[in-house]
Amino acid sequence: MDGFRVVRRQTPPGWVSFAVLPAALLIALVFCSLLLMIQDKSPVKAAVVLFQGGFGSLYALQDTMLKAIPIFLCSLGVSVAFRMKVWNIGAEGQFALGGVGATWAVLTFSGLPMPLMLCLMLLCAAVAGGLWGLIPGYLRLKFGLNEIISTLMLNYIGIEFMRYLVYGPWKDPGSMGFPMTGLFPEEAVFPEVLGYVHAGLLVCVVAAVAVYVFLQRTRLGFELCVSGENPRAARYARIPYGFLLMFVLALSGALAGMAGCVEVSATFNRLQPNLCTGYGYTAIVVAWLSRLRTPSIALFSVFVAGLLVGTDNLQVDMQVPAAFGGILEGFILLCVLAGQFFHSYTLVRMGRRQGGAA
Amino acid sequence: MTWDIFVALLAATVLAGTPLLYATMGELITERSGVLNLGVEGMMIMGAFFAFIVEYKTGNPWLATLAAGLGAACIGFLHGVVCLVFQGNQTVSGLALTIFGVGLSDYLGAPFIGQKTVGFQSFDIPLLSDIPVLGPVFFQHDPLVYLSFVLPWVVMWFFRRTSLGLALCAAGEAPEAVRAAGLNPVRMRWLGICAGAFFVGVGGAYLSLCATHLWTHNLTAGKGWIAVALVIFAFWRPRRALLGAYLFGGIMALQLRMQALGTAIPSSLMMMLPYALTILALLVSSARGKGRSAPAALGENIAPGA
Amino acid sequence: MRFFNCAAAFLAVCGMALLPFASSASAEDAAKNVKVGFIYVSPVGDEGWSWMHDQGRKMMEELPGVETAMMESVPEGPDAERAIKNMCSKGYNVIVATSFGYMDPMAKLARRHPDITFLHCSGYKHSDNMTCYFGRIYEARYLTGMVAGAMTKTNEIGYVAAFPIPEVVRGINAFTLGVRSVNPEAKVRVVWTRTWYSPDDEKKAAEGLLDVGVDVIVQHQNSAGPQVAAEERGAYSVGYNTDMSSAAPKAHLVAAVWDWKKFYEKFINEYRAGTWKNGNYWYGLSDGIVDISAYGDMVPADVRAKVDAAKASIVNGTYKVFSGPVKDQEGKERVPAGQVAPDEMLLSMDWFVEGVIGTAR
């Protein structure tokens, strides 16, 4: 960069937070507009249609919320692990196992009253997802196996395991031979609480508060953040790293598992082989966009969910191929990611020294 | 299993392993320079698309392969912009790159889906192809397969014997030391990203020019992600990457042949096999103390203006 | 600082949400137009399942007073529900969904929107305003099996199949019955790819089969990958969905094909005339919605004659594919002699007939 020098900021000024995100979005939108113009489609109309589809009506907002719920839960889980610099990219598999756990609860304990049933399902899902998260933790402690590879492989294995159950032992005899369990009884389905947004929203709220309090107010949460920021200091402070690692992955998996439970119960009403549609990966992106902060995760989950929902509209109204959503999502993320640079750095013209930028 | 089937299985292993080998080698180069790029899937499918479109317009498979490499390098370049210039998180940038690349290839490639390519044809290498077993397994394929045989050794030579290669690896281990030696570690990482992406793109080209001879969506079908895993499996060593790619390709090929011969194992369990065995193989080798840790500075950005 | 971040994100979202209200005056002409929306599970360009249905949509689009839209790559489950809901809210009169996993959400929304006609392909739920329709492709499969059985020299045929669900299992069984009606010694080996569409994986599966000695490749997949594998190895192939002979000119014996355009033509005409009745339709060879393609040059005249005769007897109803005795892999009699398998049995088929090597799971 000729003429400019990069200088680290001590504290970013307020305007940066306001300016960076819209600016990054604008750049992404301009790029995507160019792509649309290649196909002779009006980018302005596309933007209108897109945001109308995601946020423009009460229906759209409810749809967006429905999609945001699993993304939020997975993202919350992933963010806890990322805080400790544990690269859990296995939310997708833990999500699948959560669905398996919840379904097991439904198939095993029938006839319980609804609140008990739902709590039991959540518990089983959290345990199943948590155990699936523990495996990479154990492998890393015992064998030094990198968690990126083990969580990635366990995604494939978890999803295939879920499919094995649905195609085999758990296949409902009444489903005409199709691979799926029977419809869940009424007491095992999360009720609708806000319009047609289901009670998974409450799970999100409870989980968010719990994680927030845990990270901010408990000793373990504090130790976790310290181990992430400075492992060496953590060792001197005698923080039990191994225990924390296992704990973090279990918590991370449990949250993704609960997302799986909510999804199976409230939106599918049964276990189906196509349970996983990539929420686990979207969650990672959301976690990072929100810089691992719980309140921002909520906002970005809704934002990304709205984007995904809005792309549907783009297809119906303007016949823009489905792939466009991916381009938009990917490019926005790249731009926002690059834009976050200005949170911690600033450009200074060469020769004009600024004080305080040591 | 008869002998013939066994030999055919080995030949199929080499074919299934080749795109994985290119992609793994590319990601390995990138990671050795200290940059984690999870966008392999996105770059690979863009490579496959560039290879197809150039082959479609010019009919020259070599030019197409070059275009695939350069095109994928352009996508990888975005990763460099985000991570090397703007200090973005490498894990997320890579994920975004995959989402972006897969979307872009679908969008640009939609009008051409189902179009065929002539691509590379397989030819037997004289003399060598007549050797029993080794001939059909290694020497009756297409040119990109033959090139992949020497790739690990070339990369190893580059890492160990050239000053550029040594500097590149040093940028992944101790960027400060590189700077102290008067070199720019960021430039080494640019090289790592772009050269790595080039080979990932060639892996994609193999899919559209050799394996299927056509363009379609979802051509990579998750192979890029496997490559990410195989780099770790290989402990960042080029020759072990060869082993990993063939092992994985071999299990895939074996799984299909076990089904064809008639097995009672449900197909879901068969599909788990390659992934479970990859973890198992890793465990065995790390239990025997053969593991090697990641490049020390992998995934950490070099702060500007230091 | 955290507050600023959240506030910034929130403002960005709000700002964009408000955008549409500024210019949401899209002119809606309330003429007696029929709006038909299609929802597909895969991209249309794949020349397979979705592509064939989209031919029907394009045909409708040509008609005066008919407006169509489509959504591709809609995952089954909640996304499908949203997609259907989206079309309901946009005033579509007819909504067509062509994948099995769309059935539950569609049935749910059909109850909520009694004035909209729903068409669902490949499921079993139907109601006053929801039709389920499908084709007896297994009848065409039986005929292609006869061709394959006559042409195989090793008496081993390889079947590349997607997922172990009744539709696919039924096709494999019918095919095998066809094979063994002309060649009782022949066996059919099955490999599951666990994907509907992945040319590379499908081709590799076919190569695996060819390695163990089959000389005819059949597929229940959407790409031509298996055809190409057969062509490259000098084996024969049987196509699916459309005439796949262009992918494998030297290998292609015959294909079991769909003609969905016929169905959509019939539907739209009856719908506009007000005579369309919702219900459960399972169209066979006699309706022309399933058929077999032209034979490859290598198929000898006597085989053609035999298959054509069988086709005629299926079309005029004198022959049913699953006529007893039908035994399963273990030799257990599933359909006794003199009886015909009922549709319920066909719809939920999860066992292989005698002569299939592989597992139906």
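Residues numbered from 1 in each chain as written. Chains lettered and ligands numbered in written order. Predicted model: local features only at pLDDT ≥ 70, side-chain atom pairs only at ≥ 80, totals over all residues. Heavy atoms only, no water.

Visitor: Is there a simple way to think about the interface of chain C and chain A in this case?
Guide: A common measure of how large an interface is: the accessible area buried when the components associate. On the chain A side, the residues contacting the 49 residues of chain C number 56 residues. Surface buried jointly by chain C and chain A totals about 4700 Å² across both partners, of which 62% is contributed by carbon and sulfur atoms. The interface formed by chain C and chain A includes six salt bridges. Between D79 of chain C and K67 of chain A there is a salt bridge, and its shortest N-O distance comes to 2.4 Å. Counting the contacts that link chain C with chain A gives eight residue pairs in polar contact (both at pLDDT 80 or more). Listed by contribution, the elements that provide at least two residues to the side of chain C that touches chain A are α1 (2-22), β2 (66-71) and α3 (78-89) of chain C. A total of 15 residues in the side of chain C that touches chain A trace back to one element, the largest contributor, which is α1 of chain C. In terms of residue class, the side of chain C that touches chain A is built from 28 nonpolar, eight polar and 13 charged. (Contact = heavy atoms within 4.5 Å. Buried area = accessible area lost by both parts, 1.4 Å probe. Salt bridge = Lys/Arg side-chain N within 4 Å of Asp/Glu carboxyl O. Polar contact = N/O pair within 3.5 Å; in protein donor to acceptor, adjacent residues only side chain to side chain. Helix = DSSP H or I, 4+ residues; strand = E, 2+ residues; numbered from the N terminus. Nonpolar A, V, L, I, M, F, W, Y, C, P; charged D, E, K, R; others polar.)

Visitor: What exactly am I supposed to notice about the sheet that holds strand β7 (residues 187-192) of chain C here?
Guide: As a general point, the strands of a sheet are linked pairwise by backbone hydrogen bonds and lie either parallel or antiparallel. Residues and elements named next belong to chain C. Read from one edge to the other, the open sheet built from seven strands follows the order β12-β10-β9-β8-β6-β7-β15, with strand pairing classed as mixed. Edge positions in the sheet fall to β12 (290-292) and β15 (356-357), since each of these pairs with one other strand and no more. In this sheet, strand β10 (residues 252-258) lies alongside strand β9 (residues 236-241) in parallel orientation, the contact comprising five bridges. Bridging from a neighbouring strand, Y240 pairs with A256 of β10. The sheet contacts of helix α5 (residues 137-151) involve β6 (156-161), β8 (216-220), β9, β10 and β12, and relative to β10 the element is tilted by about 175°. (Pairing = 2+ DSSP bridges. Axes fitted to C-alpha atoms, helices over the stretch in contact; angles between N-to-C directions.)

Visitor: So what exactly am I meant to see when it comes to unusual backbone geometry here?
Guide: Keep in mind that most residues, glycine aside, have a negative phi and that most peptide bonds are trans. Put simply, G324 of chain C and P325 of chain C share a cis peptide bond, and its omega is 0°. Residue position: P325 of chain C is located in the loop between α10 (301-315) and β13 (326-327). We note that K85 of chain A has phi near 55°; this positive angle belongs to a residue other than glycine. By the secondary structure assignment, K85 of chain A is in the loop between α3 (58-83) and α4 (91-108).

Visitor: Sorry, what's going on with the interface of chain C and chain B here?
Guide: Contacts between chain C and chain B engage 31 residues on the former and 33 residues on the latter. Both faces combined, the contact of chain C with chain B buries some 2400 Å², and carbon together with sulfur accounts for 58% of it. Linking chain C with chain B are three salt bridges. The shortest N-O distance in the salt bridge between R257 of chain B and D211 of chain C comes to 2.7 Å. At the junction of chain C with chain B, the criterion picks out nine residue pairs in polar contact (both at pLDDT 80 or more). Listed by contribution, the elements that provide at least two residues to the side of chain C that touches chain B are β7 and α7 (199-211) of chain C. If one sorts the elements of the side of chain C that touches chain B by residue count, α7 of chain C sits on top with ten residues. Split into classes, the residues belonging to the side of chain C that touches chain B amount to twelve nonpolar, seven polar and twelve charged.

Visitor: Whenever I open this one, the pattern of salt bridges confuses me. Can you help?
Guide: Opposite charge on two side chains permits pairing when their charged atoms draw close. Scanning the entire structure with this criterion turns up 28 salt bridges over all chains. Across the pair K85 of chain C and D63 of chain A runs a salt bridge whose closest N-O atoms are separated by 3.3 Å. Taken as a pair, K85 of chain C in helix α3 and D63 of chain A in helix α3 lie in two separate chains rather than in one. The same class applies to K85 of chain C and to D63 of chain A, which are both buried. A salt bridge links D343 of chain C to R136 of chain C, with the shortest nitrogen-to-oxygen separation between them at 2.9 Å. Of this pair, D343 of chain C sits in helix α11 (residues 343-347) while R136 of chain C sits in the loop between β5 (130-135) and α5, and the two are 207 residues apart along the sequence. The class for D343 of chain C is partly exposed, based on a relative accessible area of 30%. Look at the salt bridges and you will find they share partners, linking K67 and D312 of chain A together with D79 and R82 of chain C into a network. (Buried < 20%, exposed > 50% of the residue type's maximum accessible area, 1.4 Å probe, protein only.)

Visitor: Explain the packing of α4 of chain A against helix α6 (residues 147-167) of chain A here, please?
Guide: The geometry of a pair of packed helices is captured by two quantities: the angle between their axes and the separation between those axes. Residue and element names in this part refer to chain A. Following both chains from N to C, one finds α4 and α6 inclined at 25°, their axes separated by 7 Å at the closest point. Taken together, the axis directions place α4 and α6 in an arrangement best described as roughly parallel. Crossing of α4 against α6: the hand is left-handed. In contact with A91, E92, G93, A96, L97 and V100 of α4, α6 contributes L154, N155, G158, I159, F161, M162 and L165. For the contact of α4 with α6, a count of residues per class yields nine nonpolar, three polar and one charged. (Parallel < 35°, antiparallel > 145°, perpendicular 65-115°, else oblique. Left-handed = near helix turned anticlockwise from the far one by under 90°.)

Visitor: I would appreciate a short explanation of the packing of aromatic side chains in the present structure.
Guide: Here the structure, examined in full by the defined rule, presents 63 aromatic pairs over all chains. Each ring, one from W49 of chain C and one from F134 of chain C, has its centre 6.3 Å from the other, and the planes form 80°; the classification is edge-to-face. Linking W49 of chain C in helix α2 (residues 49-62) with F134 of chain C in strand β5, this pair joins segments that are 85 residues apart in sequence. Sitting over the ring of F159 of chain B, R32 of chain B keeps its end group 4.6 Å from the ring centre. Above the face of the Y167 of chain A ring, R194 of chain C is positioned so that its terminal group lies 4.4 Å from the ring centre. (Phe/Tyr/Trp six-rings, centres within 6.5 Å; stacked < 30°, edge-to-face > 60°. Lys NZ or Arg CZ within 6 Å of the ring centre and 35° of its normal.)

Visitor: Looking at this structure, I do not really get the packing of helix α10 (residues 223-233) of chain B against helix α11 (residues 238-261) of chain B. What am I missing?
Guide: All names here are of chain B. One can describe the packing of α10 onto α11 by two numbers: an axis separation of 9 Å at closest approach and a directional angle of 130°. Between α10 and α11, the crossing angle belongs to the class labelled oblique. Relative to α11, the crossing made by α10 is right-handed. Counting all contacts with α10, which are made through I226, L230 and F233, the residues of α11 involved are R240, G244, A245, L247 and F248. The class makeup of the residues in the contact of α10 with α11 is six nonpolar, one polar and one charged.

Visitor: Just to check I follow, could you spell out helix α3 (residues 61-85) of chain B for this structure?
Guide: Helical geometry: 3.6 residues make up each α-helical turn, so side chains three or four residues apart lie on a common side. All names here are of chain B. Taking 1.5 Å of rise per residue, 25 residues should cover 36 Å, and α3 covers 34 Å from first to last C-alpha, within 8% of that figure. The N-capping residue of α3, defined by a side-chain oxygen 2.9 Å from the backbone nitrogen of W62, is N60. A positive backbone phi angle near 60° is found at Q87, which sits one or two residues after α3. (Expected span 1.5 Å × (residues − 1).)

Visitor: Sorry, what's going on with the environment of N274 of chain A here?
Guide: Take N274 of chain A: it is sitting in the loop between α10 (241-268) and α11 (279-289). Counting along the chain gives 32 residues from N274 of chain A to G242 of chain A, while the straight-line C-alpha distance between them is 35 Å. Discounting chain neighbours no more than four positions away, the residues touching N274 of chain A are F268 of chain A together with E76 of chain C. For N274 of chain A, the side chain forms a polar contact with the side chain of Q272 of chain A, separated by 3.0 Å.

Visitor: Quick question: what am I supposed to make of the domain arrangement of chain C here?
Guide: All names here are of chain C. Domains assigned within chain C are domain 1 (34-135) and domain 2 (137-257 + 290-357). Look at where the C-alpha atoms of domain 1 and domain 2 centre, and you get two points 29 Å apart. Both sides together, the interface formed by domain 1 and domain 2 hides about 710 Å², and carbon and sulfur atoms give 59% of it. The tally of links from domain 1 across to domain 2 stands at zero salt bridges. On the surface where domain 1 and domain 2 come into contact, there are one residue pair in polar contact (both at pLDDT 80 or more). A per-element tally of the side of domain 1 that touches domain 2 places α2 first, with three residues. The class makeup of the residues in the side of domain 1 that touches domain 2 is four nonpolar, two polar and two charged. (Domains from an automatic or database assignment.)

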